[in-house]
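So you can see what is in the structure, the chains are spelled out below.
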Amino acid sequence: MGGNLVLVVNSGSSSIKYQLLDPDSGTIAAAGLVERIGEDGGAIEHTADGRTLTEQVVIPDHTAGLRLAFEKFADTGHDLTAAGVTAVGHRVVHGGEVFYEPTLVDARVLAAIDELSALAPLHNPANVRGIAAVRTLLPDIPQVAVFDTAFFHGLPDAAKTYAIDAQVAAAHGIRRYGFHGTSHEYVSGRVAEFLNRPPESIDQIVFHLGNGASVSALRGGQPVDTSMGLTPLEGLVMGTRSGDLDPGIILHLMRTAHMDVNGVDRLLNRGSGLRGLAGVNDFRELRRLIGAGDAAARLAYDVYVHRLRHYLGAYLIELGGVDAITFTAGVGENNPDVRADTLAGLSRFGIAVDPDRNTARERTARRISPPDAKVEVLVVPTNEELAIARAAADLTQTA
Ligand code: ADP
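Along each chain, residue indices are assigned from 1 in the same order as the chain's sequence is written. Only residues with pLDDT of at least 70 get local features here, since the model is predicted, and only at 80 or more are side-chain atom pairs given and counted; chain-wide, interface and lining totals rely on the full set of residues. Think of the side-chain values as coming from all heavy atoms in the structure, minus any hydrogens and water.

Regarding the pairing of strand β4 (residues 43-48)
Here, a strand pair is defined by DSSP locating no fewer than two bridges between the strands. Secondary structure follows DSSP: runs of H or I at least 4 residues long count as helices, runs of E at least 2 residues long count as strands, and numbering of each begins at the N terminus. Here strand β3 (residues 28-35) pairs with β4 via 6 bridges, running antiparallel. Across the sheet, residue A31 finds its bridge partner in β4, namely T47. Sheet topology places β4 next to strand β5 (residues 51-56); 6 bridges connect them, and they run antiparallel. Bridged to E45 within β5 is T54. Turn length for the β4-β5 hairpin, with the two strands adjacent in sequence and antiparallel, is 2 residues, and the turn residue D49 shows positive phi of about 50°.

Laid out in structure tokens, this is it:
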């Protein structure tokens, strides 16, 4: 591997995920996860050249976590402070109205990302801590922020506007921003490559189904709608988040259950979705419970699929028909049942799933619709780290 490596950092409130990779080939030199930062027992797991190092140690803050990761890099032959790393790419959740391109980070940009914390209180402060820590450790290497909202910046007004008092909305930055943009952009681009067609010629729907989940509708490569909104809480049923609900439910809970803002936040972000309905948020666990005859797990699955079909129907009509429907991320890539059930009974729309193709165990981009189907149904693995690495490399090479 040459000297052109990018470090990608995804910093959460108590964890840091990182990858050191070649943005051209996508080859991963090293990757790891620092967990339980600021808690009693911290841990790091670092993998390089097929070797995994683990350590349990108290990690007081993000700087300590990254310093530990840098030690592991050095131990496995990648000294990040020596030559080799050309840029650091950071996943930043909320760019607000301000940031919609990959952005070189300086003190002013960092302050602006911090100011956007009101829109993403769970995410932006952690992103800021990660960026600040890397700036301390690698002061001479350019840092690039890549925003999860960026891809959806140009959503049509009708799709991005909430029907509330327009002045209140304007005063508080309330609009649909959309999230998982890096993944939706990467995967929809891969769909065009896979089909060997110019992106401008394809209308598509992309389901990103991970722990968080969202769906987007794209006309000719440009997003025209997406299910997440002001925050990543809206839309599909997720691992622990409710997705769509009647806003009156919140008022009802505040009035009758006397929940305060933190109680509602906890309920909707961490105690809902699959976990709220079935007690588990991991899809593999859910499948196991369904297999054991658990009625709550079955209902959770049915609600999950019902919501997917609801959005599929809406986006099919918004686009006036589609050329491709694609599934990605942990659940989308690995669950044939979800794909088959979401698209069941739609042959009159030219949409069908071939059972053998759907259950084939492959890890690369693939077609799961029958050969003669009008609509291409695809499974395309997402790779947000690679997309961030490429954005960071592009920006710093031309800067
Ligand atoms: P995130 O990046 O949002 O944390 P992922 O894209 O890793 O999430 O998706 C996590 C989800 O994917 C979990 O619900 C997990 O059960 C599911 N998943 C991952 N791998 C598999 C698999 N091999 N089979 C079934 N489900 C899987």
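Let us keep going from here.
Focus on the pairing of strand β10 (residues 213-219)
A large share of β10 lies buried, amounting to 6 of its 7 residues. In the sheet, strand β9 (residues 203-209) pairs with β10 via 7 bridges, with the strands oriented antiparallel. Bridge pairing in β10 links I205 to A217. Between β9 and β10, which pair antiparallel one after the other, the connecting turn spans 3 residues. We call a residue buried when its accessible area falls under 20% of the maximum for its residue type, exposed when it is over 50%, and partly exposed in between, using a 1.4 Å probe and counting protein chains only.

Digging into the sheet that holds strand β8 (residues 143-147)
Within the open sheet, the 8 strands sit side by side as β5-β4-β3-β2-β1-β6-β8-β7. Their pairing is mixed. Since the sheet does not close on itself, it has two edges, and those belong to β5 and β7 (103-104), each with one partner. On top of the sheet, helix α1 (residues 62-75) reaches β1 (5-11), β2 (16-21), β3, β4 and β5; it is set at about 30° to β4, its chief contact. Contacts were defined at the residue level, with two residues in contact if any of their heavy atoms lie within 4.5 Å. Lines fitted to C-alpha atoms define the axes here, with helix axes fitted over just the stretch in contact, and angles between the N-to-C directions of these axes take values from 0 to 180 degrees.

Some words on helix α6 (residues 181-195)
With 15 residues, α6 extends 21 Å from end C-alpha to end C-alpha; this agrees with the ideal 21 Å at 1.5 Å per step. Of the residues making up α6, those classed as buried are G181, T182, S183, H184, Y186, V187, S188, V191, A192 and L195. Just downstream of α6, N196 is the residue with a positive phi angle, here 55°. Given a helix with a known number of residues, its expected span is that number minus one, times 1.5 Å.

Topic: the sheet that holds β9
Strand order in the open sheet made by the 6 strands is β11-β10-β9-β12-β14-β13, with mixed pairing throughout. What marks the edges here is a single partner per strand, and that holds for β11 (222-226) and β13 (366-367). One ladder, built from 5 bridges, connects β9 with strand β12 (residues 324-328); its direction is parallel. Of the residues in β12, the one forming a bridge with H208 is T328. Strands β9, β10, β11 and β12 of the sheet are contacted by helix α11 (residues 295-319), whose axis makes an angle of about 160° with β9.

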